[in-house]
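# Understanding the architecture of this molecule
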Amino acid sequence: MRNIVFAFSILVCSLPAMAQDQAFNYTVQKSVTARQGAVASAHPLASLAGLKMLQQGGNAVDAAIATQLALAVVYPSAGNLGGGGFLVAHLANGKELAIDYREKAPGRAHRDMYLDDKGAPIVKLSLDGHHAAGVPGTVAGLFASLPYGKLKMAQLIAPAIELADKGFVITAAEARSLNNLRKDFENLNTRPVAFVKQNEWKAGDTLIQKDLARTLRLIRDKGAAGFYQGETADKIVAEMQRGKGIISKADLKAYKAATRIPLRFPYKGYTILTMPLPSSGGVILQQLLGMTEKYPLAQYGFHSIAAVHLMVEAERRAYADRAEFLGDPDFVKVPVKAITQPQYLASRMQDFNPQQASSSTKIKAGQPKESEETTHLSVTDAQGNAVSVTTTLNGGYGSRVVVGGAGFILNNEMDDFSVKPGSPNMYGLLGTEANAIAPGKRMLSSMTPTIVLQGNRPYMVTGTPGGSTIITSMFQTIVNVLDFGLSESDAVNKPKFHHQWQPETVYVEKGFPDSTVAGLKKMGHKVDNRNAIGRVELITIKNGRITAVADNRGDDSAAGY
Ligand code: DON
């Protein structure tokens, strides 16, 4: 475990050192308390890579970059070089950042590219294989973040290179997911890939990624050009040609991350700092908190029928607005101000009946008056910087296309566009013209990396994967801490619920109280069970004490010192 394992002082895991050239092993740490800094992410080795940067004098931005790069190696289902993401940061000097490195539609993309001759969606085309990929944004995003850190890329990328080169030991969950996807990897790729092994994967096996290590070295030596130009760009385009994809060299060379102004709004004496468009997450989170703020949630009680009903009805209305209005602000005019105003939000709740479910067929988007497989990591450091990053390939392992010779997986983010108005995407989300495909446009996202400030200091740093459930998971995590006063662990791990306007269903996780489900059904709600909702990483900083909690729903792990 050279370079990656640390002997942590108080309350933090210490991992056994391993012999040289042995694959990296680890243990999962669900919760840590710390004084100086902490990282929570989807994988222990990635959290430790971030922690190492903090301990080597880097700040939270450095740790976030190193963690993302390590995730691209040890968490291939969502960590990535071939995808995109969003970073929200509150820096100790008061500067606030929202870096948008969302994928873009290739130059040869067009509005109806996923429709057949009769105008019906060809669902697989936006999900599987080369055609599903948008132009990757992650590497540009890492370099756009770099000036806010203190360390050099060579130092930040070193743990990822080592993990790819020497390999790491996989868990039972990782073995299962690689085995499940074996056929896709075989069918969708034109070259043998590291994710397919002669026999089935099992827990304790080692995953080595030599091609990926080479790509990482090119990035280390040539910067963003090591990915968007030269050898790696050639390999991406060659892969496209083998699979009839449309990403061109010009698309790659032209890709730029965008620096945006974070969305900032008050909530019960705190300030929420979150991602603006092209994420729908921040706008919808503002709508949800705004619609429910005047109701006494704490008095209703955590998981009470009244609280869940209220939150579900707010979700129904907000997701109707999401479908109608939201899209890439560089391409469409979105009435963000109008649909987040308190009067507008109050008007949306005017027909809320505390005793009765509304109907999604009757609830439409509002009428604003105008004067729009993922993974999350949260980081804090000793200087008071806080960084929240959500990054994604979209579905698990994205398009399942591994760029031949370059060892990284391409996203299937094109499915986040509205392929056809009224036609749901893989998360059941609907959209209209605002989120239609156009060359160079960014597809609407739900990713909601968020920081809650108390005064001007970070209080919560949080985010999650989960497609359409990301926003409702963030809504719940925030009210779980601020309104219901839950511990960090409970705020993250207690069962969650979700409603997204269409379909007309409240989804609840296993373990959700039966009495609440019965109460909701009595009010006319349709309630269904579903698998895990979200995988939240939460850090709180209360009176100088840092608590980092990694979600129990996966192998997620926290590290701190
Ligand atoms: O950007 C989005 O909203 C989706 N591509 C996120 C996908 C996701 O969270 C998958 N993880 N479970």
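What counts and how
- Residues numbered from 1 in each chain as written.
- Predicted model: local features only at pLDDT ≥ 70, side-chain atom pairs only at ≥ 80, totals over all residues.
- Heavy atoms only, no water.
- UniProt positions renumbered as here; feature names shortened; annotations may be inferred.
- Domains from an automatic or database assignment.
- Contact = heavy atoms within 4.5 Å.
- Buried area = accessible area lost by both parts, 1.4 Å probe.
- Salt bridge = Lys/Arg side-chain N within 4 Å of Asp/Glu carboxyl O.
- Polar contact = N/O pair within 3.5 Å; in protein donor to acceptor, adjacent residues only side chain to side chain.
- Helix = DSSP H or I, 4+ residues; strand = E, 2+ residues; numbered from the N terminus.
- Nonpolar A, V, L, I, M, F, W, Y, C, P; charged D, E, K, R; others polar.
- Near = heavy atom within 4 Å.
- Areas by Shrake-Rupley, 256 points an atom, 1.4 Å probe, with all protein chains shown as cover.
- 1 Å grid on protein atoms, 1.4 Å probe; cavity = no way out; pocket = protein on both sides within 12 Å on 5 of 7 lines; lining within 4 Å.
- Sits in = over half its atoms within 2 Å of the grid points.
- Buried < 20%, exposed > 50% of the residue type's maximum accessible area, 1.4 Å probe, protein only.
- Pairing = 2+ DSSP bridges.
- Points joined across faces, edges and corners; volume = space filled by probe spheres on them.
- Axes fitted to C-alpha atoms, helices over the stretch in contact; angles between N-to-C directions.
- Parallel < 35°, antiparallel > 145°, perpendicular 65-115°, else oblique.
- Left-handed = near helix turned anticlockwise from the far one by under 90°.

- Per an unreviewed UniProt entry, the recorded name for the protein is Glutathione hydrolase proenzyme, and the organism is Chitinophaga horti.
- According to its UniProt record, the protein has this under Pathway (unreviewed entry): "Sulfur metabolism; glutathione metabolism."

## Structural notes on the domain arrangement of the protein
- Along its sequence, the protein is carved into domain 1 (56-258 + 391-422) and domain 2 (260-373 + 447-560).
- Here the C-alpha centre of domain 2 lies 28 Å away from the C-alpha centre of domain 1.
- Facing 26 residues of domain 1, the contacting portion of domain 2 comprises 19 residues.
- When the buried area of domain 1 at its contact with domain 2 is split by residue, Phe86, Val88 and His90 rank highest and sum to 39% of it.
- The interface formed by domain 1 and domain 2 contains two salt bridges.
- Arginine 264 is paired through a salt bridge with glutamate 96; the nearest N and O atoms lie 2.7 Å apart.
- The interface formed by domain 1 and domain 2 contains ten residue pairs in polar contact (both at pLDDT 80 or more).
- It is strand E3 (residues 84-90) that contributes the most residues to the side of domain 1 that touches domain 2, six residues altogether.
- Residue composition of the side of domain 1 that touches domain 2, by class: 13 nonpolar, nine polar and four charged.

## Thoughts on the site of the ligand
- Looking at the ligand, there are 15 residues lining it, with Thr374, Glu413, Asp416, Ser445 and Gly467 nearest.
- Separating a nitrogen atom of the ligand from a side-chain N or O atom of glutamate 413 is a distance of 2.6 Å.
- Contact with the protein chains covers 93% of the free accessible surface of the ligand, which is 350 Å².
- Assessed atom by atom at 2 Å from the grid points, the ligand resides in the largest cavity.
- Grouping the amino acids of the shell around the ligand by side-chain chemistry returns four nonpolar, seven polar and four charged.
- Of the domains in this structure, domain 1 (56-258 + 391-422) and domain 2 (260-373 + 447-560) are the two that each give at least three residues to the shell around the ligand.

## With respect to the pairing of strand E11 (residues 386-392)
- Across the seven residues of E11, seven count as buried, placing the element largely inside the fold.
- The alternating pattern of E11 places Ala386, Ser388, Thr390 and Thr392 and Val387, Val389 and Thr391 on opposite faces, both of which are buried.
- Relative to E11, E3 is paired through seven bridges, and the arrangement is antiparallel. By the bridge assignment, valine 88 is partnered in E11 with serine 388.
- Here seven bridges tie strand E10 (residues 374-380) to E11, and the two strands are oriented antiparallel to one another. Bridged to serine 378 within E11 is serine 388.

## Comments concerning the layout of surface pockets
- As a volume, the second largest pocket reaches approximately 240 Å³.
- Gly290, Met291, Glu293, Pro342 and Leu345 are the residues nearest the centre of the second largest pocket, which is lined by 15 residues in total.
- Of all the elements in the fold, those that place two or more residues in the lining of the second largest pocket are strand E8 (263-267), helix H11 (281-292) and helix H15 (342-348).
- The dominant element in the lining of the second largest pocket, judged by the number of residues it contributes, is H11, at four residues.
- Looking at the lining of the second largest pocket residue by residue, the classes come out as nine nonpolar, four polar and two charged.

## Considerations on the packing of helix H4 (residues 153-166) against helix H7 (residues 210-222)
- Following both chains from N to C, one finds H4 and H7 inclined at 165°, their axes separated by 8 Å at the closest point. Between H4 and H7, the crossing angle belongs to the class labelled roughly antiparallel. The way H4 lies across H7 gives a crossing that is left-handed. Residue-level contacts link Ala154, Ile157, Ala160, Ile161, Ala164 and Asp165 of H4 to Lys210, Ala213, Leu216, Arg217, Ile219 and Arg220 of H7.
- For the contact of H4 with H7, a count of residues per class yields eight nonpolar, no polar and four charged.

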